[in-house]
Amino acid sequence: MRSNVFSSIILSLGIISSSFLLGKSFENYQNFGRYINVKGLDEKIVKSNFSTWNLSFTSANNDLKKIYFEISASQKKIIQFLKAQGFDEKEIEIQTISVTDNRAQAYSNINVNTPRYSANSGITLSTNKVDLVSLVAQKTGELVESGVVINNSYIRYAYTDLNSIKPEMLTRATANAKEAAATFAENSNSSVGKIRKATQGVFTITSVDGYDSHGDEGSILKKVRVVTSVEFFIN
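What this report covers is the structure whose coordinates are included nearby.

Thresholds applied
- Residues numbered from 1 in each chain as written.
- Predicted model: local features only at pLDDT ≥ 70, side-chain atom pairs only at ≥ 80, totals over all residues.
- Heavy atoms only, no water.
- Helix = DSSP H or I, 4+ residues; strand = E, 2+ residues; numbered from the N terminus.
- Buried < 20%, exposed > 50% of the residue type's maximum accessible area, 1.4 Å probe, protein only.
- Areas by Shrake-Rupley, 256 points an atom, 1.4 Å probe, with all protein chains shown as cover.
- Salt bridge = Lys/Arg side-chain N within 4 Å of Asp/Glu carboxyl O.
- Phe/Tyr/Trp six-rings, centres within 6.5 Å; stacked < 30°, edge-to-face > 60°.
- Lys NZ or Arg CZ within 6 Å of the ring centre and 35° of its normal.
- Patch = residues over 30% accessible without salt bridge, like charges linked within 9 Å, V, L, I, M, F, W, Y side chains within 5 Å.
- Contact = heavy atoms within 4.5 Å.
- Polar contact = N/O pair within 3.5 Å; in protein donor to acceptor, adjacent residues only side chain to side chain.
- Core = buried A, V, L, I, M, F, W, Y, C linked by side-chain atoms within 4.5 Å.

### Here we look at the overall build of the protein
Now for step 1: Summing up its helical and strand segments, the protein has five helices and nine strands in all.
Now for step 2: In the protein, the succession of helices and strands from N to C terminus is α-β-β-α-β-β-β-α-α-β-α-β-β-β.
Now for step 3: A total of 235 residues make up the protein; the buried ones form 31% of that total.
Now for step 4: As displayed, the protein has an accessible area near 14,900 Å², and 54% of this comes from carbon and sulfur atoms.

Written out as C-alpha cells, the structure reads:
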C-alpha cells in the first residue's frame, strides 16, 4: 500500500515538473518569437582626400612634325605650370598622343582651309592636395594665355578613408534603429531586448546635395550614408 502511495507521489511530482518545464519552454519560445525589424540611419559629411585632374588639349597643323612639336610644347607648359603651383612631378602623368588625319575620314566634308592633321593629348594630375587643386583650377586661363589650347578640364574628387569612419557610423545607425524599436515597444506596452540579428547595409558616398554638374565626383564635400537593418527582441 505504502509503495503505491509513494509511486503516486513520484508520478504527481513528475507531472508537475514536466508541466512547469513545458510552460517555461513555451514562454521562452513565445519570447524568442517576439521581435521587431527596424531600419537605422546615419549620415556624415566628410571632405574628399584625393583628387584627379584631367587636362586635355589639342593641336592642328598640316605638318605632322609641327603637330608633335606643339603637343610636346603644351605638355611641358602644363607640367611647369602645375609644378610652379606646388604639385610634385610624381603626381603628374603624361597621356599618349592621338593623331587624326582629317582628310582620311570616310565621311569627312572638311573645309579646304582646315588643317589636315589634328592631335589630342593630356596631362593627368593625381594628388591628395584637394584644396590646392580647387584653387589652381581657377587659374587655367594662364595656360590659355601661354598658347595651350585646352579643350577639356575635368576634376574628380574622392573620399578613400571609409574604413576609418565605418565603426562609429554603424554604432550610431544601430542606436538610431534602437530608438525606433523603443518607440514601437512603448506604444505596445513592451520593452526592447537584445539584438536578435543585424545586417550592416551598404555605405554610399554622394555629393552633399546629392547632385552637381559633374555628378557625385565633382564635389569636394561628400555625404556618407549607411542604413542598417536590425532585429530586436521585444519583452
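### Some details on the pattern of salt bridges
Pairing is possible between side chains of opposite charge, provided their charged atoms come close.
Now for step 1: Tallied over the full model, the rule gives eleven salt bridges.
Now for step 2: K129 serves as the salt-bridge partner of D88, at 3.5 Å between the closest nitrogen and oxygen. Taken together, the residues span a long stretch of sequence, with D88 in the loop between α2 (64-84) and β3 (92-94) and K129 in the loop between β5 (117-127) and α3 (130-136) at a distance of 41 residues.
Now for step 3: Under the relative-accessibility criterion, D88 is labelled partly exposed at 33%.

### With respect to the packing of aromatic side chains
Now for step 1: A complete count under the given rule lists zero aromatic pairs for this structure.
Now for step 2: The ring of Y35 has R196 lying over it, and the distance from NZ or CZ to the ring centre is 4.0 Å.

### A short note on a nonpolar patch on the surface
Now for step 1: A cluster of nonpolar side chains, contributed by L64, Y68, I97 and V99, occupies part of the molecular surface with about 300 Å² of accessible area.
Now for step 2: Residue position: V99 is located in strand β4 (residues 98-101).
Now for step 3: A residue is classified by how much of its surface remains accessible, and V99, at 32% relative accessible area, is partly exposed.

### Some remarks on the environment of K222
Now for step 1: Mapped onto the elements of the fold, K222 is located in strand β9 (residues 221-234).
Now for step 2: Note: C-alpha distance between K222 and V46 (176 residues apart in sequence) is 5.3 Å.
Now for step 3: Every residue in contact with K222, bar those within four places of it in the chain, is listed here: K44, I45, V46, S48, Y157, A158, Y159, I205, T206, V208, D216 and E217.
Now for step 4: Within the structure, K222 has its side chain in polar contact with the backbone oxygen of Y157 (distance 3.1 Å).

### Thoughts on the nonpolar core
Now for step 1: Counting residues in each nonpolar core, the largest one holds 23 residues, and the members touching the most others are W53, I78, L82, I123, L125 and V133.
Now for step 2: Of all the elements in the fold, those that place two or more residues in this core are β2 (50-61), α2, β5, α3 and β6 (150-158).
Now for step 3: Per-element tally for this core: the top contributor is α2, with six residues.
Now for step 4: In this structure L125 touches S51, T52, W53, L82, F87, E91, I92 and V133, once residues within four positions along its chain are discounted.
Now for step 5: Among the nonpolar cores identified, the runner-up in size contains nine residues, and V46, Y159, V224 and V226 belong to it.

### Looking at the environment of S191
Now for step 1: As for its position among the elements, S191 is in the loop between α5 (166-187) and β7 (192-199).
Now for step 2: Accessibility expressed as a relative area gives 36% for S191, which makes it partly exposed.
Now for step 3: Separated by 44 residues in sequence, S191 and N235 have C-alpha atoms that sit 5.1 Å apart.
Now for step 4: Apart from residues lying up to four places away in sequence, S191 is in contact with A185, F233, I234 and N235.

### Here we look at the side chain of S56
Now for step 1: Within the secondary structure, S56 sits in strand β2.
Now for step 2: Here S56 is in contact with S121, G122, V149, I150, N151 and N152, once residues within four sequence places are set aside.

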